[in-house]
Amino acid sequence: MSLLKLKDLVKSYGSVQALKGLTLNVPEGCLYGLLGPNGAGKSTTLRIISTLLAPDSGQVMVSGTDALLDPLSVRRQLGYVAQEVAIDKILTGKELLQLQGDLYHLNRKQRDLRIAELTTRLDMKNWIDRRCGSYSGGMRRRLDLASGLLHQPKLLVLDEPTVGLDIESRSVIWSLLRELQEKGTTILLSSHYLEEVEALSDQIAIIDGGKVIAEGTPNQLKKRLGGDRVTLRVREFSDEDESLAVRELLQSIDGVSEVVINRSQGFSLNLLIDDVSILPQLRNHLEKAEFEIFALSQSRPSLDDVYLQATGKTLMDAELEIAGKRDVKLESKKAMR
Amino acid sequence: MSSFDITSTTQPLGRSYLSEITQETLALTKRLFLQLFRRPSTLIAGLLQPLIWLLLFGALFSNAPDDLMPGGISYGRFLGAGVIVFTAFSGALNAGLPVMFDREFGFLNRLLVAPLRSRSSIVFASIIYITVISFLQSFAIMATASFLGYGTPGLGGFVLVLATLLLLVFAVTALSLGLAFALPGHIELIAVIFVANLPLLFASTALAPISFMPTWLGWLAALNPLTFAIEPIRAAYSGSLDLGTVLLHAPYGDMTGYGCLRVLLVLTFGLFLLIRPLLNRKLA
Ligand SMILES: Nc1ncnc2c1ncn2[C@@H]1O[C@H](COP(=O)(O)OP(=O)(O)OP(=O)(O)O)[C@@H](O)[C@H]1O
Ligand SMILES: [Mg+2]
């Protein structure tokens, strides 16, 4: 069953159309990754889910409740950790959590118990009683995550949770997210880190230009790209005739496709295989034909390849392209309530 | 970690509307006070400034002829009410600033994502905070006034002071919060506060009675909300407190103490009603 359903979300900021009919289903208990370059519409989507922003049109259902009709009960079930951490510098971390607990109407005993639990779990003991103004980015993120989890939400929404974090904070956050998921919390996180999404997510949607352009498990997405990549060298420096012969041989094997000769790499061969189980067979064929195997490497397609396939550009290019067009200051000004 | 249980539900059932609103309002109020106590300079300045006013302004006219002020009271005694009201007024006018900063820094979003039973809690918290501070300020002013020999308002007068301040603080806080949501940023808000503050002081009866003023200024003073708060409090300082007597000789006619309070009351509710749609829209 889907815990979260987004249907045909459309949202414009003035003349900028941020979402152009975004549809997404997040199954219950899933850790769902929303992958997209800068400006793809990730934050806009998550802000709509968190009831901060109303879409121009479309539907948002959180565990059967229409978020546009009954935002209050959606807020109760939802933990939202925004992209920019907003803390009160003058409060201590603990005071901020206490405030948060009161805003979610926990009774005092539960509240303090939860604060103690999360303080331990997120390793915040040493600094939780210090003022937030002195925290590093990683500390703020952890505190923000704790405040999103205080009321034990059914659905946790995280906007780029580990961007720019130190390794320690990142690993603390990752392990907590995994644990939460094991215990049944549904998590939706956005990222433009392939690595992060790939390491954590059961399911992924790639969004670009305000729309979902591909979705599925990381494996499914990669499979759609046609299996693993293999690079083969029969000798350290082969020649044209030899490589052509090898290519002919390889093309005759079932499950091998797109054999390409890479002249600039000493006539090595690049090919796609449907499955790793083909590899022994491939070695056999080569040995029988008395080709040596100088080097054979195999790699799974990365999500970067998936992204490239879906959009025709790499994530990096997409980011560079949009970076010049945005006025971040103006956006945050316009996003003010 | 076995104690870390995600699945159990923590939503306490059957909590009443009122108790949830109280909880969130108190939590937000507590935050404002923590901010205040950790930046005590604002508090100290807020307490000292009116006392300096009282001391310096009171001294300015101490050798003036005895019958200068209406009713023959000393200028210091005349001034006390003005300082009390003006201090509360400027405090309340600043109420929107923390809210504006919360908007700008995105902290407001944290509140808007939370399942607040009513977002009026954000408004209530500001009102409570400002009211407590202006009460503290006026206690300090009244104590200093009595120390300087400018008299005391008496018990009935004391209650009257608090009630009047309550009305004024409500109205001005609502106005300031409305501005905090209507204006684009803190620079604009500070500009409005700056521009509104002193002219409203000078065009009121805080520093001088209407009889001292040219007609045009008299008109302004007689329409200025501050005047309607100042006159009843001044009456409490000038001896026997009788709100039925005429306190204000305005160009449009005489106003009794009750008349002044009634205007204040209407103004407070009027402003509240006027600003509510804006707050509701911004906080919807
Ligand atoms: N408040 C705003 N006012 C105007 N335009 C906006 C505003 N917020 C976002 N946009 C625009 O809407 C589009 C989507 O923005 P959004 O913040 O949702 O992207 P994102 O995927 O979260 O990007 P990032 O990776 O930078 O966080 C962008 O083109 C952006 O410029
Ligand atoms: Mg974003």
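What counts as what
- Residues numbered from 1 in each chain as written.
- Chains lettered and ligands numbered in written order.
- Predicted model: local features only at pLDDT ≥ 70, side-chain atom pairs only at ≥ 80, totals over all residues.
- Heavy atoms only, no water.
- Helix = DSSP H or I, 4+ residues; strand = E, 2+ residues; numbered from the N terminus.
- Buried < 20%, exposed > 50% of the residue type's maximum accessible area, 1.4 Å probe, protein only.
- Contact = heavy atoms within 4.5 Å.
- pLDDT = per-residue confidence, 0-100.
- Salt bridge = Lys/Arg side-chain N within 4 Å of Asp/Glu carboxyl O.
- Buried area = accessible area lost by both parts, 1.4 Å probe.
- Nonpolar A, V, L, I, M, F, W, Y, C, P; charged D, E, K, R; others polar.
- Phe/Tyr/Trp six-rings, centres within 6.5 Å; stacked < 30°, edge-to-face > 60°.
- Lys NZ or Arg CZ within 6 Å of the ring centre and 35° of its normal.
- Pairing = 2+ DSSP bridges.
- Axes fitted to C-alpha atoms, helices over the stretch in contact; angles between N-to-C directions.
- Donors = N, O, S within 2.8 Å, 3.2 Å for Na, K, Ca; no water.
- Parallel < 35°, antiparallel > 145°, perpendicular 65-115°, else oblique.
- Left-handed = near helix turned anticlockwise from the far one by under 90°.
- Polar contact = N/O pair within 3.5 Å; in protein donor to acceptor, adjacent residues only side chain to side chain.
- Core = buried A, V, L, I, M, F, W, Y, C linked by side-chain atoms within 4.5 Å.

**Student:** Summarise the overall build of chain A; cite the residues concerned and give the values.
**Tutor:** Helix and strand counts for chain A stand at 13 helices and 14 strands. With respect to the three principal axes, the spread of C-alpha positions in chain A is 75 × 45 × 40 Å. Classification of the 337 residues of chain A by burial places 52% in the buried group. Relative to all contacts within chain A whose residues are 6 or more apart in sequence, the contacts with residues 24 or more apart total 67%.

**Student:** Go over the confidence of the model for chain B with me, naming the residues and quoting the values.
**Tutor:** All names here are of chain B. A residue-level look at chain B finds 94% of positions with pLDDT of 70 or above and a mean pLDDT of 88. For chain B, the element scoring lowest by mean pLDDT is strand β1 (residues 246-250), at 86; helix α1 (residues 17-38) scores highest, at 95. pLDDT under 50 marks residues 1-13. Its contacts with residues more than four places away, or in other chains, come to 28 contacts.

**Student:** Give a detailed account of the pattern of salt bridges, specifying residues and quantitative values.
**Tutor:** Under the defined criterion, the tally for this structure stands at 15 salt bridges over all chains. As a salt-bridge pair, E160(A) and K42(A) come within 3.7 Å of each other at their nearest N and O atoms. Here E160(A), found in the loop between β7 (155-159) and α6 (167-182), pairs with K42(A), found in helix α1 (residues 42-49); they are 118 residues apart in sequence, far enough to count as distant. Here the two residues E160(A) and K42(A) agree in accessibility, since each one is buried. A salt bridge links R31(B) to D102(B); the nearest nitrogen and oxygen atoms lie 2.8 Å apart. Linking R31(B) in helix α1 with D102(B) in helix α4 (residues 96-105), this pair joins segments that are 71 residues apart in sequence.

**Student:** Describe the interface of chain B and chain A, naming the residues involved and giving the relevant values.
**Tutor:** The interface of chain B with chain A comprises 46 residues on the first partner and 43 residues on the second. Both faces combined, the contact of chain B with chain A buries some 4100 Å², and carbon together with sulfur accounts for 56% of it. For the interface between chain B and chain A, the tally reads three salt bridges. Between E95(A) and R38(B) there is a salt bridge, with its nearest N and O atoms 2.6 Å apart. Counting only elements with at least two residues in the side of chain B that touches chain A, the list comes to α1, α4 and α5 (107-113) of chain B. Ranked by the residues each element gives to the side of chain B that touches chain A, the list is headed by α1(B), at ten residues. Of the residues belonging to the side of chain B that touches chain A, the class tally is 21 nonpolar, eleven polar and 14 charged.

**Student:** Summarise the packing of aromatic side chains; cite the residues concerned and give the values.
**Tutor:** For the structure shown, the criterion picks out 13 aromatic pairs over all chains. Ring centres 4.9 Å apart and planes at 70 degrees place the aromatic pair W127(A) and Y135(A) in the edge-to-face group. Both residues of the pair, W127(A) and Y135(A), belong to the buried class. Taking the centre distance of 6.3 Å and the plane angle of 25 degrees together, the rings of F101(B) and F105(B) count as stacked. Pair noted here: F101(B) and F105(B) are both in helix α4, with a separation of four residues, about one helical turn. In this structure an aromatic cluster arises from ring pairing among W53(B), F57(B), F86(B) and F89(B). When the ring centre of F107(B) is taken as reference, the NZ or CZ atom of R31(B) above it lies at 3.9 Å. One cation-aromatic arrangement involves R234(B) over F78(B); the distance from NZ or CZ to the ring centre is 3.4 Å.

**Student:** Could you give an account of the sheet that holds strand β12 (residues 256-262) of chain A, naming the residues involved and the relevant values?
**Tutor:** Residues and elements named next belong to chain A. Here four strands make up an open sheet; going across it, the order is β12-β13-β11-β14 and the pairing antiparallel. Looking at the sheet topology across the chains shown, the edges are occupied by β12 and β14 (295-299). Along the sheet, successive strands turn relative to each other by an average axial angle of 20 degrees, direction set aside. Sheet topology note: the β12/strand β13 (residues 268-273) ladder contains five bridges and is antiparallel. Its bridge partner lying in β13, I261 is registered against L269. Across the sheet, helix α9 (residues 240-251) touches β11 (228-233), β12 and β13, and the angle it forms with β12 is around 170 degrees. The strands that helix α10 (residues 278-288) touches are β11, β12, β13 and β14; relative to β14, the one it contacts most, it runs at about 160 degrees.

**Student:** Which residues make up the sheet that holds β7(A), and what values go with them?
**Tutor:** Paired through their backbone hydrogen bonds, the strands of a sheet run either parallel or antiparallel. All names here are of chain A. Strand order in the open sheet formed by six strands is β6-β7-β8-β3-β9-β10, with mixed pairing between adjacent strands. Across the chains shown, the open sheet's two edge strands, defined by having one partner strand only, are β6 (78-81) and β10 (211-216). Put simply, the sheet's adjacent strands are angled 15 degrees from each other on average, direction ignored. The sheet contact formed by β7 and strand β8 (residues 186-191) spans five bridges and is parallel. When the bridges of β8 are listed, V157 appears paired with L188. Strands β3 (31-35), β7 and β8 of the sheet are contacted by α6, whose axis makes an angle of about 145 degrees with β8.

**Student:** Please set out the coordination of the magnesium ion (ligand 2) residue by residue, giving values where relevant.
**Tutor:** All names here are of chain A. Those protein atoms acting as donors to the magnesium ion (ligand 2) are S43 (OG) and Q83 (OE1), and they sit at 1.8 to 2.2 Å. Linking S43 in helix α1 with Q83 in the loop between β6 and α3 (93-103), this pair joins segments that are 40 residues apart in sequence. Residue Q83 is classed as partly exposed on the basis of its relative accessible area of 29%.

**Student:** Describe the packing of helix α3 (residues 75-93) of chain B against helix α6 (residues 120-147) of chain B, and please don't skip the residues or the numbers.
**Tutor:** Residue and element names in this part refer to chain B. Running from N to C, α3 and α6 point in directions that differ by 155 degrees, and their axes come no closer than 9 Å. With respect to each other, α3 and α6 are oriented roughly antiparallel. As for how α3 packs across α6, the hand of that crossing is right-handed. For the pair α3 and α6, the contacting residues are G80, V83, I84, T87, A88, G91 and A92 in the first and I130, S134, Q137, S138, I141 and M142 in the second. Within the contact of α3 with α6, the residues separate by chemical class into seven nonpolar, six polar and no charged.

**Student:** Any details on the side chain of S169(A)? Residues and values, ideally.
**Tutor:** Residue and element names in this part refer to chain A. With respect to the secondary-structure elements, S169 resides in helix α6. Within the local environment of S169, its side chain forms a polar contact with the side chain of R142, the two groups lying 3.2 Å apart. Once residues lying within four places of it in the same chain are set aside, the contact partners of S169 are G138, M139 and R142.

**Student:** Would you mind going over the nonpolar core in detail, with residue names and values included?
**Tutor:** Residues and elements named next belong to chain A. Formed by 153 residues in total, the largest nonpolar core has its most connected members in L4, I49, L145 and L177. Every residue in contact with L177, bar those within four places of it in the chain, is listed here: L31, L156, L158, I187, L189 and L200. In this structure, L249, I253, V256 and L286 belong to the second largest nonpolar core, which totals 19 residues.

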